[in-house]
Amino acid sequence: MANIENNNWVGGKKDVQIATKLTGLIGGVIILSCFIIAFASIFVFGRRQLKTTEDLIEHTAQGAQRVMVDWSVTLNGYAAISASRSDVVEAFLNGDMDALQSFAREYDEVLDYEYMAFVDTNGVVLAGGADGFSKGTNLSFSYAVKKALMGTSASSYEPISPAPYGVVYAYPVKNGNQTIGAAVFVYDLTTEDFITLMQSAYDVECTIFSNDVRVRSTIPGVEGTTLDNKSVVSTVLSSGNTFKGVNKIKGDDYYSIYTPLTNDDGTVTGMLFIAKSLKSIEAIKYATMRVVILIAVILVIVLMVASSFFIRWLMWRIGNVAKQLEEMASGEAERLKLAVGQKFKRA
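A quick note: this is a predicted structure, and the numbers were derived from the prediction, not measured.

A. Spotlight on the environment of Ile31. Turning to its location among the elements, Ile31 is positioned in helix H1 (residues 18-84). As for Ile31 and Val297, which are separated by 266 residues in sequence, their C-alpha atoms are 8.3 Å apart.

B. Focus on the sheet that holds strand S11 (residues 252-262). With antiparallel pairing, the five strands of this open sheet are ordered in space as S9-S8-S12-S11-S10. Both edges of this open sheet fall to strand S9 (213-217) and strand S10 (243-249), since each of them pairs with a single strand only. Strand-to-strand, the axes of this sheet are offset by a mean angle of 35°, without reference to chain direction. Judged from the four bridges that link them, strand S8 (residues 205-210) and S9 form a sheet pairing that is antiparallel. In the strand pairing of S9, Ile208 is matched with Arg216. Against the sheet, helix H5 (residues 192-202) touches S8, S9 and strand S12 (268-277), its axis set at about 145° to S8. Along the sheet face, helix H6 (residues 230-238) touches S10, S11 and S12 and points at about 130° away from the line of S12.

C. Local environment of unusual backbone geometry. Omega for the bond connecting Ser161 with Pro162 falls within 30 degrees of zero, at 15°, which places this linkage in the cis form. Within the secondary structure layout, Pro162 lies in the loop between strand S5 (154-160) and strand S6 (163-175). Even without being glycine, Asn211 reaches a positive phi, approximately 60°. Within the element layout of this structure, Asn211 appears in the loop between S8 and S9. In this structure Asn211 comes out as partly exposed when scored by relative accessible area, which is 42%.

D. Layout of the nonpolar core. In this structure, Leu100, Phe118, Phe185, Leu189, Phe194 and Leu272 are the most contacted members of the largest nonpolar core, which totals 46 residues. Element by element, the count of residues in this core is highest for H1, at 10 residues. For Leu272, the contacting residues outside a window of four places in its chain are Ala61, Ala64, Gln65, Met68, Phe194, Cys206, Thr207, Ile208, Ile257, Tyr258, Thr259 and Leu261. Judged by nonpolar contacts, the second largest core, of 19 residues, contains Phe133, Tyr143, Ala154 and Val168.

E. Structural view of the pattern of salt bridges. Tallying each qualifying case throughout the model produces eight salt bridges. Residue Arg216 pairs with Glu192 through a salt bridge whose shortest N-O separation is 2.1 Å. Highlighted residues: Arg216 in strand S9 and Glu192 in helix H5, separated in sequence by 24 residues. The shortest N-O distance in the salt bridge between Arg216 and Glu223 comes to 2.9 Å. Take Arg216: its relative accessible area is 16%, and that puts it in the buried class. Here Glu223 falls in the partly exposed class, since its relative accessible area comes to 41%. Because the salt bridges share partners, they merge into one network encompassing Arg85, Asp87 and Glu106.

F. Structural detail: the environment of Glu109. Looking at the element boundaries, Glu109 is found in helix H3 (residues 97-110). Among the residues examined, Glu109 registers a relative accessible area of 69% and is labelled exposed. Spatially, the C-alpha atoms of Glu109 and Gly129 are 9.7 Å apart, while their sequence positions differ by 20 residues.

G. Examining a nonpolar patch on the surface more closely. On the surface, a nonpolar cluster with roughly 360 Å² of combined accessible area is contributed by Val297, Ile301, Val305 and Phe309. With respect to the secondary-structure elements, Val297 resides in helix H7 (residues 278-346).

H. Just the sheet that holds strand S4 (residues 125-128), in detail. As summarised here, the arrangement of the five strands in space is S4-S3-S7-S6-S5, forming an open sheet in which the pairing is antiparallel. With one partner strand each, in any of the chains shown, S4 and S5 form the two edges of the open sheet. On average, adjacent strands in this sheet sit at an angle of 30° to one another, irrespective of strand direction. Sheet analysis places S5 next to S6, joined by six bridges and oriented antiparallel. Within S6, the residue paired with Ala154 across the bridge is Ala170.

I. Summary view of the packing of helix H2 (residues 86-94) against H3. The contact between H2 and H3 brings their axes to 9 Å, and the two run at 145°. Of H3, the residues touching H2 (which contributes Asp87, Val88, Ala91 and Phe92) are Ala99, Leu100, Phe103 and Tyr107. When grouped by side-chain class, the residues that make up the contact of H2 with H3 number seven nonpolar, no polar and one charged.

J. A look at the packing of aromatic side chains. Taken as a whole and assessed by the stated rule, the structure comprises 12 aromatic pairs. When the centroid spacing of 5.2 Å and the interplanar angle of 90° are considered together, the rings of Tyr113 and Phe185 count as edge-to-face. Of the two residues, Tyr113 is situated in the loop between H3 and strand S3 (115-119) and Phe185 in strand S7 (residues 178-188); the sequence distance between them amounts to 72 residues. A relative accessible area of 9% means that Tyr113 is categorised as buried. Pairing Phe209 with Tyr258 gives two aromatic rings, centres 6.0 Å apart and planes at 50°, and the pair type is tilted. Separated by 49 residues along the polypeptide, Phe209 in strand S8 and Tyr258 in strand S11 bring together distant segments of the chain.

Cut-offs applied
Residues numbered from 1 in each chain as written. Predicted model: local features only at pLDDT ≥ 70, side-chain atom pairs only at ≥ 80, totals over all residues. Heavy atoms only, no water. Helix = DSSP H or I, 4+ residues; strand = E, 2+ residues; numbered from the N terminus. Pairing = 2+ DSSP bridges. Axes fitted to C-alpha atoms, helices over the stretch in contact; angles between N-to-C directions. Contact = heavy atoms within 4.5 Å. Buried < 20%, exposed > 50% of the residue type's maximum accessible area, 1.4 Å probe, protein only. Core = buried A, V, L, I, M, F, W, Y, C linked by side-chain atoms within 4.5 Å. Salt bridge = Lys/Arg side-chain N within 4 Å of Asp/Glu carboxyl O. Patch = residues over 30% accessible without salt bridge, like charges linked within 9 Å, V, L, I, M, F, W, Y side chains within 5 Å. Areas by Shrake-Rupley, 256 points an atom, 1.4 Å probe, with all protein chains shown as cover. Nonpolar A, V, L, I, M, F, W, Y, C, P; charged D, E, K, R; others polar. Phe/Tyr/Trp six-rings, centres within 6.5 Å; stacked < 30°, edge-to-face > 60°.

See below:
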């Protein structure tokens, strides 16, 4: 049977200190537990961070679409009011270009848009704003203008020079039931107003596509390039659905949402891209990992020191118990010797 001497097991296969065994066992459990908890926390945080980013991108894309819808409704109001004015109709009938140009200057001063024009039945500009369509420009190629000249108001997303891509609203100017021209108003989506609003307000990347070509983007060096992701092209441009997922742009991965931009007849003419680089998510993850690992290391050190004091106290208690057992065993042996001796004496 093994004895305890000076905190050693004596008589076992190996003379290993109990304290060393306990320290190794408890230390291993502490280290393993701390790092399992640390890496589990990092994994859960990473998943939650990605889910948060996905939700942010989706909400931002929805907000951007609402902004565009609001702009289209605003243009509708501008075009409807200007085309319905009796003095505008009279100027069309009389061929009074000066009056139409005066109306255009008036609108430039009080209304918020990029470009406007009054066009004749051939889609040729009769008068336009100071920074917009010049007189004589032919806008008959525009879907919205063509539809307005057929007698129906129209909205579209399309290139309409000088706007590389914009929200267009055209409203027919009528004399009774006869269409004699149209009022055209445009918001340019490639200006800093829209792009910067999305990036600064939501900390995301934003790109405007005309068909599959990037005409304006917050991502450097991509403007004028063509989207080469066939899945996105098929989902958005061909089918008119929204694409959500990871896409690689110039070697970097982005969690992205591509939303179709459509004319009022449902024709897809472009896309709105809202995304966040996965690099930023990874950066947050690694920063969190460093903090968590540091806390885990500190916790391991503290628990190891505490367990060391506990083991020393435990070994002291074990030593005292062992000493008492030895004393008791020694006393019992003496009493046994005396009893045996007395028995032999009587014999």
